[in-house]
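Structural characterization, general
Chain by chain, the residues run as shown.
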Amino acid sequence: MLRRSTNSNDIRVNLDFRPDTNISTDKGIMSFIIHFYSNKGTKTLITLEQLPIVAIPSMNDTHLDETLIINRLETAAKDNNTEAVPEILKELLEHTATHFLVEEDMMEEALFPAFKTHKSEHDRHLHELKSVMKYFEEHKDTRAISAYVEGNLTPWTLHHADTMDRMLALFLEERATTV
Ligand SMILES: [Fe+2]
């Protein structure tokens with residue numbers, strides 16, 4: 001499970017996040033997330049130090065860009081900005097979809113052994129993001145978005161970069177030096 005720092009000044013999210021606790025986005029679960037992660041009163045932005053650095057620089061650039069979008073989303077949600085939130089969600093979906101396609105092309109080209117597992121995690125994440133967008137369209141609930149960012153999107157993004165993407169980058173780097 002996700003654990004938060006006990007220091008209230010420390011906005012970092014603990015990375016002890018297990019993908020098998022993935023949050024589905026049906027309304028019951030969304031209520032659960034909202035209950036546990038909303039009304040904290042602080043913006044939980046991702047800091048630069050939290051971003052895992054992997055062996056392929058272009059992947060780091062993409063992760064940084066995506067992090068900045070996530071931080072803008074969190075800020076808009078915490079500010080209850082119902083106009084900005086759907087725009088940023090759309091931008092995030094487009095950026096994420098492109099980001100994943102680029103990674104998947106690299107995996108296919110390099111015959112990366114864990115391609116299927118990695119791609120299925122991408123697909124699951126995109127599906128979840130679309131469900132959250134639909135939920136927001138129906139409910140205009142910025143607390144739900146903030147809860148999603150804090151309880152799922154941020155820890156998932158950092159965890160994915162630190163595990164699956166790190167493995168992929170190492171494989172690509174190794175392959176580049178041996179080909
Ligand atoms: Fe990935």
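Residues numbered from 1 in each chain as written. Predicted model: local features only at pLDDT ≥ 70, side-chain atom pairs only at ≥ 80, totals over all residues.

1. Observations concerning the overall build of the chain
This is how it is decided: Put simply, DSSP marks the helices as runs of H or I at least four residues long and the strands as runs of E at least two long, and each gets a number from the N terminus on. Every C-beta atom is placed from the backbone, and the number of other C-beta atoms within 10 Å of a residue's own sets its class: buried at 20 or more, exposed at 12 or fewer, partly exposed in between. Once C-beta atoms have been placed from the backbone, residue pairs whose C-beta atoms lie within 7 Å are recorded as contacts.
Across its full length, the chain holds five helices and zero strands. Mapped in sequence order, the helices and strands of the chain form the string α-α-α-α-α. Counting all 179 residues of the chain, 28% fall into the buried class. A sequence separation of at least 24 residues applies to 74% of the contacts in the chain between residues at least 6 apart.

2. Some words on helix α3 (residues 84-109)
Applicable threshold: The span you would expect from a helix comes to 1.5 Å times its residue count less one.
Over its 26 residues, α3 extends 38 Å from the first C-alpha to the last, a length consistent with the 38 Å expected when each residue adds 1.5 Å. All of the buried residues along α3 are Val85, Ile88, Leu89, Leu92, Thr96, Glu103 and Met107. Along its buried surface, α3 packs onto α2 (57-78), α4 (115-139) and α5 (142-178). Directly beyond the C-terminal end of α3, a positive phi value near 55° is found at leucine 111.

3. Overview of the packing of α4 against α5
Two packed helices can be described by the angle between their axes and the distance between those axes. Counted only if it meets this: Only C-alpha atoms enter the line fits that serve as axes; for helices the fit covers just the stretch in contact. Angles between N-to-C directions range over 0 to 180 degrees. With respect to orientation, any angle under 35 degrees is reported as roughly parallel, any angle over 145 as roughly antiparallel, any angle of 65 to 115 as roughly perpendicular, and every other angle as oblique. Helix crossings get a hand from a simple test, with the near helix turned counterclockwise from the far one by less than a right angle marking a left-handed crossing and a clockwise turn marking a right-handed one. Under this grouping Gly is polar, as are all residues other than the nonpolar Ala, Val, Leu, Ile, Met, Phe, Trp, Tyr, Cys and Pro and the charged Asp, Glu, Lys and Arg.
Relative orientation of the contacting elements α4 and α5 amounts to 165°, with a least axis distance of 12 Å. Judged by the angle between their axes, α4 and α5 are roughly antiparallel. The two elements α4 and α5 cross, and the hand of that crossing is left-handed. Judged by residue contacts, His118, Glu121, His125, Val132, Tyr135, Phe136 and His139 of α4 engage Ala144, Ile145, Tyr148, Trp156, His160, Met164 and Leu168 from α5. Grouping the amino acids of the contact of α4 with α5 by side-chain chemistry returns nine nonpolar, four polar and one charged.

4. What to know about unusual backbone geometry
Non-glycine residue asparagine 80 carries a positive phi angle of around 55°. Secondary-structure assignment places asparagine 80 in the loop between α2 and α3. The partly exposed category is assigned to asparagine 80, around which 14 C-beta atoms lie within 10 Å. Within the chain, lysine 140 stands out as a residue other than glycine whose phi angle is a positive 50°.

5. With respect to the packing of α3 against α5
Running from N to C, α3 and α5 cross one another at 15°; their axes reach a closest spacing of 13 Å. For the element pair α3 / α5, the angle class is roughly parallel. Every pair of crossing elements has a handedness; the one defined by α3 and α5 is left-handed. For the pair α3 and α5, contact is made by Val85, Glu103, Met106 and Met107 and by Thr142, Ile145, Leu168 and Leu172, respectively. Here the contact of α3 with α5 is built from residues that sort into six nonpolar, one polar and one charged.

6. What to know about the environment of leucine 73
Among the secondary structure elements, leucine 73 is positioned in helix α2. The spatial distance from the C-alpha of leucine 73 to the C-alpha of leucine 92 is 8.6 Å, given a sequence separation of 19 residues. Residues in contact with leucine 73, not counting those within four places in the same chain, are Val85, Ile88, Leu89, Leu92, Ile145 and Val149.

7. What about the nonpolar core?
What counts here: Nonpolar cores are built from buried Ala, Val, Leu, Ile, Met, Phe, Trp, Tyr and Cys residues. These are joined into a set through C-beta atoms within 7 Å.
With 17 residues, the main nonpolar core has Leu73, Val85, Ile145, Tyr148 and Val149 as its most contacted residues. At the level of elements, α2, α3, α4 and α5 are the ones that each hand at least two residues to this core. For valine 149, the residues in contact, after removing those within four places along its chain, are Ile70, Leu73, Glu74, Ala77 and Thr154. Core analysis: the next-biggest nonpolar cluster, separate from the first, contains nine residues, Phe112, Leu168, Ala169 and Leu172 among them.

8. Quick notes on α2
Here α2 is 22 residues long and its end C-alpha atoms lie 32 Å apart, about the 32 Å a rise of 1.5 Å per residue gives. Considered for burial, the residues of α2 that qualify are Met59, Thr62, His63, Thr67, Ile70, Leu73, Glu74, Ala76, Ala77 and Lys78.

9. Some points on the confidence of the model for the chain
The line we're drawing: pLDDT expresses how confident the predictor is about each individual residue, on a scale running from 0 to 100.
For the chain, per-residue confidence averages 83 on the pLDDT scale, and residues scoring 70 or more make up 75% of the total. No element of the chain has a lower mean pLDDT than helix α1 (residues 27-37), at 53, and none a higher one than α3, at 98. Across residues 1-27, where pLDDT falls below 50, the model places 40 contacts with residues more than four positions away in sequence or in other chains.

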